[in-house]
Amino acid sequence: MAKLSVNINKIATLRNSRGGNNPDLIKVALDCERFGAEGITVHPRPDERHIRYQDVFDLKSVISTELNIEGNCREQKFIDLVLANAPAQVTLVPDSEGQITSNHGWDTVTHQTYLKEMVSLFQGAGIRVSIFVDPVRDMIEAAQQTGTDRIELYTEAYAAGYKGDKVKAIAPYIQAAHTANKLGLGINAGHDLDLENLKYFASSIPNLLEVSIGHALISDAIYLGLENTIQLYTRQLSV
Ligand SMILES: CC(=O)[C@@H](O)[C@H](O)COP(=O)(O)O
Ligand SMILES: NCC(=O)COP(=O)(O)O
């Protein structure tokens, strides 16, 4: 069964909107674990508009599940943050400056030499590495050449297509998973996964190891409560 890693960026966004400590990010992370999440994901960005760099240090010292730090390794501050905290996993995402949210995977063909260096740097510090990619065969094959442990499939296109034609929407992801499995790459996935589209994704992708979910899960928690919501999401994964 794939693990659920809860992305708590949105909790930090809410907290930062008033400058105080409400909601308390650390308490929410610990509660996510208590309610059944098997990992905590954060995606700090240089403007610290949601997760602050200090949050990562604070989280690392208290959480007991896997910490997954996502972000742009072109930023030296990001590299330093990851190395200083040695999370279970770092996910390399090619954010451009000022981007509202992630909107594409790495071009692992063009940037293969650079990514190889990054993978080796983080693995040398004992950190598992995952590279955020679109479900495209060439990108997955080139990702494997970097020495990465895993890929994270960028699921925005799946989520957008799910309502219209879910069979068509999942097809490139199944192909991508077969390629990754053949190459011995672990498979994570994330972006815009929600209570409606998660079960079909999880049951269609062979050897899915982890999903990271933030926006929809935190939004659902407003109506359903955090404990109930996390349990509903983990239930979708038990396929
Ligand atoms: C890589 C990815 O898809 C997520 O980490 C997403 O970027 C979350 O970031 P926001 O919460 O800022 O949208
Ligand atoms: N890696 C994806 C992630 O952490 C959360 O994405 P979203 O659920 O906020 O779209």
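Every chain is numbered independently, its residues counted from 1 as its sequence is written. The order in which chains are written sets their letters, starting at A; the order in which ligands are written sets their numbers, starting at 1. Residues qualify for local features only when their pLDDT is at least 70, as the model is predicted, and side-chain atom pairs are given and counted only at 80 or more; totals for whole chains, interfaces and linings, by contrast, use all residues.

Caption draft 1: Summary view of the site of ligand 2. Each residue receives a C-beta atom built from its backbone; the residue is near a molecule or strand if that atom lies within 6 Å of it. Among the 14 residues in the neighbourhood of ligand 2, the closest are listed as Asn7, Gly190, Ser212, Gly214 and His215. At the level of elements, strand 8 (208–213) and helix 10 (215–224) are the ones that each hand at least two residues to the shell around ligand 2. In this count, Pro and Cys sit with the nonpolar residues alongside Ala, Val, Leu, Ile, Met, Phe, Trp and Tyr, while Asp, Glu, Lys and Arg are called charged and the others, Gly among them, polar. Looking at the shell around ligand 2, its residues break down into 3 nonpolar, 8 polar and 3 charged. Under the scheme used here, helices are H or I runs from DSSP no shorter than 4 residues and strands are E runs no shorter than 2 residues, and both carry numbers assigned from the N terminus.

Caption draft 2: Region of interest: the site of ligand 1. The environment of ligand 1 is formed by Asn7, Asn9, His43, His50, Glu70, Val93, Thr101, Ser102, Phe132, Gly190, His191 and Gly214. Of the residues that constitute the shell around ligand 1, the class distribution is 2 nonpolar, 9 polar and 1 charged.

Caption draft 3: Here's a closer look at the UniProt feature "binding site: 1-deoxy-D-xylulose 5-phosphate" (unreviewed entry) in the protein chain. UniProt positions are given in the numbering used here, feature names are shortened, and annotations may be inferred rather than shown by experiment. The UniProt record marks Arg45, His50 and Thr101 with the feature "binding site: 1-deoxy-D-xylulose 5-phosphate" (unreviewed entry), using the residue numbering of this structure. A maximum C-alpha distance of 11.4 Å places the annotated residues, which cover 57 residues in sequence, within one compact spot. Checked against the element boundaries, His50 lands in the loop between strand 2 (39–42) and helix 3 (53–60). Position of Thr101 among the secondary structure elements: in the loop between strand 4 (89–92) and helix 5 (112–124).

Caption draft 4: Broad picture of the environment of Leu4. Summarising the element assignment, Leu4 is placed in strand 1 (residues 3–7). Distance in space between the C-alpha atoms of Leu4 and Arg137 is 25 Å, their sequence separation being 133 residues. Two residues qualify as being in contact provided that their C-beta atoms, derived from the backbone, are within 7 Å of each other. When sequence neighbours within four positions are dropped, the list of residues in contact with Leu4 reads Ala37, Glu38, Val211, Ile213, Tyr233, Thr234 and Leu237.

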